[in-house]
Amino acid sequence: MSKATQIVAVDVGGTHARFAIADLGANGSITLGEPTTLRTSDHASFQTAWEDFRGQQGGALPNKVAMAVAAKIKPDLISFTNNPWIIRPPLISEKLGVTSQVVINDFAAVAHAAARAPADQFLHLAGPEEPLPETGTISVLGPGTGLGVAHFNRQSATHYHVQATEGGHGDFAPLDSIEDAILARLRGRHTRVSNERVVSGPAIVDIYQALAVMEGRAVHEKSDVEIWTAGVSGADSLAAAAVDRFCLALGSVAGDIALVQGASGVVIAGGLGYRIRETLVASGFETRFCAKGRFTSLMGSLPVKLITHPQPGLLGAAAAFAQTYL
């Protein structure tokens, strides 16, 4: 039996950097070791965080690295929006002491994870209750700080190609008077209102405030975390209405993305989607996903899943390395 290839898988976001040792089997398997999570604010640079992880691993690491980063991938300099670190791809080999490297966008990594995760790591959300198709295009989107959008095209059960996109920045299209009001409120601050202004974690604040204005209530300043918590628990009826509105909008946007990409299946990813999974299933998400006029029956034929893998960024980074080198 061929020996597994060991690499360091890394997932760098704005607040945390996650590290794990991954074993890549000759048969295509990926086994992640226990992840280590470090706060980016506790480290002056990615290199010092790497050295911290290396020390926790006894002073030695595999000489291969796969990195998923929450930033636009540029050949010479990668900078982060919510993180003061910079990464210079040409210097990774020298600075980290590695011989092989892969650096990809974090949501491209999520798409790799969706392509590689086993069927038992998906939760059914809508459409036929069957596995994702083994061929064709699968749309992947995830509401978080923004709205990540990607897709992968499967030629077979084991061969696929990932394409990262900026689909989260498509125009938001309201479908009723309440969404008209949400759009009007957002247009007061943004010349152009994109999907992620409505379908992202922080967007719940604007949805909540727009509903408050509609009902003639005082607009109280609450954080997105407070509104999500009160809405999902049902402790605040207006917050619960805002969460329902979010689910409707997510369904609409997911359906639009699937149509644009010619998808034969859809995956919702990210921690926010997982936290509200029960609400999503019980909401109007599926109805909105399918509400595409002449294409309603087509939309109803697409399986829509929620990926439940605990570390999709690390899994996806390792999968991208395996695809590149193995």
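Just so it is clear, the model here is predicted, and its values are computed rather than measured.

Calculation criteria
- Residues numbered from 1 in each chain as written.
- Predicted model: local features only at pLDDT ≥ 70, side-chain atom pairs only at ≥ 80, totals over all residues.
- Heavy atoms only, no water.
- Helix = DSSP H or I, 4+ residues; strand = E, 2+ residues; numbered from the N terminus.
- Rg over C-alpha atoms; globule rule 2.2 N^0.38 Å.
- Buried < 20%, exposed > 50% of the residue type's maximum accessible area, 1.4 Å probe, protein only.
- Areas by Shrake-Rupley, 256 points an atom, 1.4 Å probe, with all protein chains shown as cover.
- Lys, Arg positive; Asp, Glu negative; His and termini not counted.
- Charge placed at Lys NZ, Arg CZ, Asp CG, Glu CD.
- Pairing = 2+ DSSP bridges.
- Axes fitted to C-alpha atoms, helices over the stretch in contact; angles between N-to-C directions.
- Contact = heavy atoms within 4.5 Å.
- Salt bridge = Lys/Arg side-chain N within 4 Å of Asp/Glu carboxyl O.
- Core = buried A, V, L, I, M, F, W, Y, C linked by side-chain atoms within 4.5 Å.
- Phe/Tyr/Trp six-rings, centres within 6.5 Å; stacked < 30°, edge-to-face > 60°.
- Lys NZ or Arg CZ within 6 Å of the ring centre and 35° of its normal.
- Parallel < 35°, antiparallel > 145°, perpendicular 65-115°, else oblique.
- Left-handed = near helix turned anticlockwise from the far one by under 90°.

Quick look at the overall build of the protein chain
Move 1: Across its full length, the protein chain carries 12 helices and 14 strands.
Move 2: A compact globule built from 326 residues would reach a C-alpha radius of gyration of about 20 Å, and the protein chain, at 21 Å, matches this within 12%.
Move 3: Summarising its shape, the C-alpha atoms of the protein chain cover approximately 60 × 45 × 35 Å along the three principal directions.
Move 4: Each of the 326 residues in the protein chain was classed as buried or not, and the buried ones make up 49%.
Move 5: As displayed, the protein chain has an accessible area near 15,000 Å², and 50% of this comes from carbon and sulfur atoms.
Move 6: The centroid of the 25 positive side-chain charges in the protein chain is displaced by 4 Å from the centroid of its 29 negative side-chain charges.

Notes on the sheet that holds strand β10 (residues 136–143)
Move 1: The six strands are arranged β9-β14-β13-β10-β11-β12 in an open sheet whose pairing can be described as mixed. Two strands lie at the open edges of the sheet, namely β9 (122–126) and β12 (160–165), each paired on one side alone. The average angle at which neighbouring strand axes cross in this sheet is 25°, direction not considered.
Move 2: Across eight bridges, the pairing between β10 and strand β11 (residues 147–154) is antiparallel. Counterpart to Val 140 in the pairing with β11 is Ala 150.
Move 3: Its contacts with the sheet put helix α3 (residues 106–116) on β9, β10, β11, β12, β13 (265–268) and β14 (304–307), and the angle it makes with β11 is roughly 45°.

Comments concerning the pattern of salt bridges
Move 1: By the definition in use, this model includes nine salt bridges.
Move 2: Arg 245 is paired through a salt bridge with Asp 176; the nearest N and O atoms lie 2.9 Å apart. Residue Arg 245 is located in helix α7 (residues 237–261), and its partner Asp 176 is located in the loop between β12 and α4 (177–187); the two are separated by 69 residues in the primary sequence.
Move 3: Residue classification places Asp 176 among the partly exposed positions, given a relative accessible area of 25%.
Move 4: Measuring nitrogen to oxygen at the nearest pair gives 3.4 Å for the salt bridge that ties Asp 176 to Arg 288. With Asp 176 in the loop between β12 and α4 and Arg 288 in helix α10 (residues 285–290), this pair connects stretches of sequence that are 112 residues apart.
Move 5: Taking relative accessible area as the criterion, Arg 288 reaches 10% and is therefore assigned buried.
Move 6: Within this structure, Asp 176, Glu 179, Arg 245 and Arg 288 form a network of salt bridges that share partners.

Some words on the nonpolar core
Move 1: Within the largest apolar cluster, 47 residues are counted, with the highest numbers of intra-cluster contacts made by Leu 141, Val 198, Ile 204, Phe 246, Ile 268, Phe 285 and Phe 289.
Move 2: If you tally residues by element for this core, the top one is α7, at 12 residues.
Move 3: The next biggest cluster of nonpolar side chains, apart from the first, holds 35 residues, and it includes Leu 24, Phe 107, Ala 111 and Ala 322.

Section: the pairing of β13
Move 1: Where burial is concerned, the two faces of β13 agree: the one with Gly 265 and Val 267 and the one with Val 266 and Ile 268 are both buried.
Move 2: Strand direction decides the pairing type here: β10 and β13, joined by four bridges, are parallel. For Val 140, the partnering residue across the bridge sits in β13 and is Val 267.
Move 3: Note: β13 against β14, three bridges, orientation parallel. Pairing of Val 266 across the sheet is with Val 304, part of β14.

Digging into the packing of aromatic side chains
Move 1: If you walk through the whole model with that rule in mind, you get eight aromatic pairs.
Move 2: Aromatic side chains Trp 228 and Phe 246 sit 4.9 Å apart centroid to centroid with 85° between the ring planes, which places their arrangement in the edge-to-face category. With Trp 228 in helix α6 (residues 224–233) and Phe 246 in helix α7, this residue pair connects regions lying 18 residues apart in the sequence. The two residues Trp 228 and Phe 246 agree in class, both being buried.
Move 3: Note on Phe 285 and Phe 289: the rings are 6.3 Å apart at their centroids and 15° apart in plane angle, and the pair reads as stacked. Of the two residues, Phe 285 and Phe 289 are both situated in helix α10; the distance of four residues between them amounts to about one turn of the helix.
Move 4: An aromatic cluster of three or more residues is present, and its members are Phe 19, Phe 46, Trp 50, Phe 53 and Trp 85.
Move 5: Taking NZ or CZ as reference, Arg 277 lies 3.9 Å from the ring centre of Tyr 274, over its face.

Observations regarding the environment of Ile 104
Move 1: Mapped onto the elements of the fold, Ile 104 is located in strand β8 (residues 100–105).
Move 2: Overall, the relative accessible area of 14% leaves Ile 104 in the buried class.
Move 3: With residues near it in sequence (within four places) discarded, Ile 104 still touches Met 67, Ala 68, Val 69, Ile 73, Ala 109, His 112, Gly 316, Ala 317 and Ala 320.

Some points on the packing of α4 against helix α5 (residues 204–214)
Move 1: At their nearest, the axes of α4 and α5 sit 9 Å apart, and the two run at 110° to each other. Relative to α5, the element α4 lies roughly perpendicular. Every pair of crossing elements has a handedness; the one defined by α4 and α5 is right-handed. Along its contact with α4, which presents Ile 178, Ala 181, Ile 182, Arg 185 and Leu 186, the element α5 presents Asp 206, Ile 207, Gln 209, Ala 210, Leu 211, Val 213 and Met 214.

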